Each structure stands twice: as structure tokens, then as C-alpha cells.
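Given next are the chains, with one letter for each unit.
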Amino acid sequence: MPSKISLLICLFILHLWAATGVTGKNIGVYEIKKGDFSVKVTNYGARIISVFLPDKNGKIDDIVLGYDTAKEYLNDTTSFGALLGRVANRIGGAQFTLNGTLYKLIANDGANTLHGGVKGFSRVVWNVNKHQQDGPHPHITLTYHSADGEEGFPGDLLVSVTYALKDPYKLSVVMKAKSLNKATPVNLAQHSYWNLGGHNSGDILSNVVQIFASHITPVDNNLIPTGEISPVKNTPYDFLKPREVGCQINELQSGYDINYALDSTEKMKPVAIVHHEKSGRVMDVQATAPGVQFYTANSLIQKGKGGYVYQPHAALCFETQGFPDAVNHPNFPLTIVTPGKAYIHKMLYTFSIMKYWNSY
């Protein structure tokens, strides 16, 4: 009998933990809406969990992969819709030297650190500071305080992200960070998995993509940059002119998972355009970051919304970012944030309808 009571107590505690989150804070779902364009966000990982908008026939679909409930994200291993940090992407050897001090991080990707470590920003409960569901300026602002030493990173860091809807069919993402007391690497990224045909519409191999970058940062067998910045010309990575994702994907080991060095030197620069012919939907991505990780969900096998099982190449990711492992490569754009100097990373997704792509 006592063992049964103990089991019931454990189950109750587990249920309470799942309902209130890993830190005792409530996990919720928050919507921002503008007509037939709506986005839902959860404060667990500051994640985008749905984006609904119409296709060329007026049919409204959810175009990001994910789960039906916020609780399911607690066990997520894909980073669906997450705000990644303190440093998105990989840090080789799970360590770096800054101002003469060697910092050893938590390794969670073999010998390397991926997306901030075991407890990255995608696995914490953020505070909801502002939320305007509709009206002329729908938006939500979430904040997080990353403590000195969290996952091995130096200094206290205040982080915020604001998701806002603008006319017509524009989703703005503004990521900010402020170091309170020590220099620290910061590289925030938004990790939504996009499928313009609808989250459950199959693979994205026929999507037409253009990426405004003539160079990539090649990686070794552990996906750590070699330090080179190489041209894409005459390689499967060349998307300077629009073409289908699947055209040369078989020439790669499993698919696309590489950082592109964006060409433009403008503050807000063109990143990529995607066109899904059947729905007519087009997504135009702009950002202030110097790079973008183009990822085609190569090893994805995950049960998602409505019980649909997502398969490899079920989505596209455009993770605008500083270059991976930049803290260990002096020739890469700087990712160090010092006290008194703010980090700001802006993105703008513009959605539209097009029956065909003139330049394709």
C-alpha cells in the first residue's frame, strides 16, 4: 500500500511539473492576430508554435511544424519554433578563450556545444512582458535572464524577443540582449520549421528557393566550421538563382545544413525567398545578421500536430545568425557582446501569393 501511495504522489508531482514548467513558472500559449493572419507563441523556449495564413484559393493552413499542446514541447529534441541561445549553432570542443580566460561549456552534441547547451534558451520558461493580441499593432514580448555561468557562459545576460504582425502579412522578430557585467558570446536565432504548403503537406523538395549568398562556411565531419569561407559557384549550395530544393540534394550526404555568408552589407539585408507553387505562397526573409543556416530537416522523424508524422525534408529552416563557432575563428564576424553595448538581431518574414516566379 505505501508503494502505491508513493507512486501516486510521484505522478501528481510530475503532472504539476508539466503544467507549471521546469522552473515553477506557468507555461502558456499566446496568440497575435491580424485578420486571417495569426501566430501563436509559447513562453517555453519563446517558440513560434503556429502560423496561419491563406493560400491562393483562400484556404488557411498552419505553415510551421510543431505539436498540438505546449506541454509536448517539454520533451522536444528538434528545436521546433525555438528561440536559440545563448549561442545558437555549434561551438567546437565546447570551449573558447575570451580575454585570456578559457571557458569550458556543457557539451551536448558529441564533444561540441549545440544551441546553447543542455539548458539552452529553448528549454527555459520566458517571462511574458507585453502582449497585444490584435488591434493595429499585435505583438508579444518575452524576456529571460541568463545567469552568470549558465551552461558555462560568462556574465549575466538579459534577453528579449518581440514577435509582431504588420501589414500586409508580415511577421517581425526582434531579438535583443544586454550583458550586465562581463563580455560574452551571443548569437540568437529563430528556429521555425517552415512548410508553405501546410505543416502536414509532405516534403519541400519541389519548393523553389533563392538565397542571397555567394559563399558558405564549410564544415568538418562534426559540422564544425573549418574557418574557410568558400564560394558556392559550381556546387550544390548555389541558390543565387531560384531553383528547386531537390535539384541537387542527392549530391549531398543527407541534405542541406550549412551556414551561408550573406552578400549584402546593408543593415537589413535580403536573406532568402521561397515559393511553393501549389499553394502560391511566397516567403521572403530579411535580417540584420551576417549569416543564415539553411537546413532541410534531414533526419527528422517526429510525430507532430494532429498525429501527423513528419519525415526527412518535411520543412525548411532559415536560421539567420552570426557564423557558427565564430568565437573560435577570428576571421568570422564578431559575436562578443560587452557590457554597455546592446546586441540587436532583427528579422522580417513577408508572406505573399504568386502564381509563378518571374525570375525562375
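Along each chain, residue indices are assigned from 1 in the same order as the chain's sequence is written. It should be noted that, the model being predicted, local features are given only for residues of pLDDT at least 70 and side-chain atom pairs only at 80 or more, the latter also being counted only at that level, while totals for whole chains, interfaces and linings use all residues. Note that the side-chain values use all heavy atoms of the structure and ignore hydrogens as well as water.

Going by what an unreviewed UniProt entry lists, the chain is known as Aldose 1-epimerase and is assigned to Anisodus acutangulus. UniProt positions are given in the numbering used here, feature names are shortened, and annotations may be inferred rather than shown by experiment. Its UniProt record, at the heading Sequence similarities (unreviewed entry), says of the chain: "Belongs to the aldose epimerase family." UniProt lists a comment for the chain under the heading Pathway (unreviewed entry), and it reads "Carbohydrate metabolism; hexose metabolism."

Caption draft 1: Structural view of the overall build of the chain. Put simply, DSSP marks the helices as runs of H or I at least four residues long and the strands as runs of E at least two long, and each gets a number from the N terminus on. A count of helices and strands for the chain gives one helix and 28 strands. We compute the radius of gyration from the C-alpha atoms alone; for a globule the expected value is 2.2 Å times N to the 0.38, where N is the number of residues. Over its C-alpha atoms the chain spans a radius of gyration of 20 Å, differing by no more than 12% from the 21 Å that the globule rule assigns to 360 residues. Taking the principal axes of its C-alpha atoms as reference, the chain extends roughly 70 × 50 × 40 Å. For every residue, the accessible area obtained with a 1.4 Å probe (protein chains only) is divided by the maximum for its type, and the residue is called buried under 20%, exposed over 50%, and partly exposed between those limits. When each of the 360 residues of the chain is scored for burial, the buried share is 54%. Contacts were defined at the residue level, with two residues in contact if any of their heavy atoms lie within 4.5 Å. Taking as baseline every contact in the chain between residues at least 6 positions apart, the subset at least 24 positions apart corresponds to 66%. Here the Shrake-Rupley method, with its probe set to 1.4 Å, supplies the accessible areas, and only the displayed protein chains count as covering residues. For the chain, the exposed area adds up to about 15,900 Å²; of that, 53% sits on carbon and sulfur atoms. Of the charged side chains in the chain, 32 are positive and 28 negative; the average position of the first set lies 6 Å away from that of the second. Charge counting treats Lys and Arg as positive and Asp and Glu as negative, with His and both chain ends excluded. Here the site of a charge means NZ on Lys, CZ on Arg, CG on Asp, or CD on Glu.

Caption draft 2: Structural view of the sheet that holds strand β2 (residues 37-42). In space, the four strands of this open sheet follow the order β1-β2-β3-β4, with antiparallel pairing throughout. A single partner strand is all that each edge strand has here, and the edge strands are β1 (29-34) and β4 (60-62). Averaged over all pairs of adjacent strands, the angle between strand axes in this sheet comes to 15 degrees, irrespective of strand direction. Looking at chain direction, strand β3 (residues 47-54) and β4 are connected through three bridges and run antiparallel. The residue of β4 that forms the bridge with Pro-54 is Ile-60. Pairing between strands is defined by DSSP: at least two bridges between them are needed. Angles here are taken between N-to-C directions and fall from 0 to 180 degrees, while the axes themselves are lines fitted to C-alpha atoms, restricted in helices to the stretch in contact.

Caption draft 3: How the structure looks around the nonpolar core. With 60 residues, the main nonpolar core has Trp-126, Tyr-163, Leu-171, Ile-211, Tyr-260, Phe-318 and Phe-351 as its most contacted residues. Of all the elements, strand β12 (residues 157-166) adds the most residues to this core, at five residues. Apart from residues lying up to four places away in sequence, Trp-126 is in contact with Asn-43, Gly-45, Ala-46, Leu-83, Phe-121, Leu-142, Thr-143, Tyr-144, Val-159, Ser-160 and Val-161. Each nonpolar core is a collection of buried residues, namely Ala, Val, Leu, Ile, Met, Phe, Trp, Tyr and Cys, held together in the definition by side-chain atoms within 4.5 Å.

Caption draft 4: Region of interest: the sheet that holds strand β17 (residues 215-216). The five strands lie next to each other as β18-β17-β20-β23-β26, forming an open sheet whose pairing is antiparallel. The open sheet is flanked by β18 (230-231) and β26 (317-321), the only strands paired with a single partner. As judged from the five bridges shared by strand β20 (residues 257-261) and strand β23 (residues 291-295), these two strands associate in the antiparallel manner. If you follow Ile-258 over to β23, its bridge partner there is Phe-294.

Caption draft 5: Summary view of the UniProt feature "active site" (unreviewed entry) in the chain. Within this numbering scheme, the UniProt entry marks His-191 and Glu-319 as carrying the feature "active site" (unreviewed entry). Spatially, the listed residues are clustered: although they cover 129 residues, their C-alpha atoms lie within 5.8 Å of one another. Looking at where His-191 falls in the secondary structure, it is placed in strand β15 (residues 189-191). Assessed through its relative accessible area of 3%, His-191 is described here as buried. With sequence-adjacent residues up to four places away left out, His-191 is seen in contact with Thr-78, Ser-79, Phe-80, Gly-81, Ala-82, Leu-84, His-115, Tyr-295, Cys-317 and Glu-319. Mapped onto the secondary structure, Glu-319 falls in strand β26. Since its relative accessible area comes to 3%, Glu-319 is described here as buried.

Caption draft 6: Region of the structure containing unusual backbone geometry. A cis amide bond, omega 5 degrees, links Gly-85 with the succeeding residue Arg-86. Here Arg-86 lies in the loop between β5 (82-84) and β6 (90-91). Cis geometry is found at the peptide bond from Asp-167 to Pro-168, where omega equals -20 degrees. Although it is not a glycine, Tyr-169 adopts a positive phi angle of roughly 55 degrees. Relative to the assigned elements, Tyr-169 resides in the loop between β12 and β13 (170-179). Despite not being glycine, Asn-234 shows a phi value in the positive range, around 65 degrees. Along the chain, Asn-234 falls in the loop between β18 and β19 (243-244).

Caption draft 7: The side chain of Ser-179, seen in detail. Positionally, Ser-179 belongs in strand β13. Reaching out from Ser-179, the side chain makes a polar contact with the backbone oxygen of Lys-182 at a distance of 2.3 Å. Setting aside its immediate chain neighbours within four residues, Ser-179 contacts Asp-156, Leu-157, Thr-184, Val-337, Thr-338, Pro-339 and Gly-340. Pairing of N or O atoms within 3.5 Å defines a polar contact, subject to two protein rules: one partner must be a possible hydrogen donor and the other a possible acceptor, and residues neighboring in sequence count only if both atoms are side-chain atoms.

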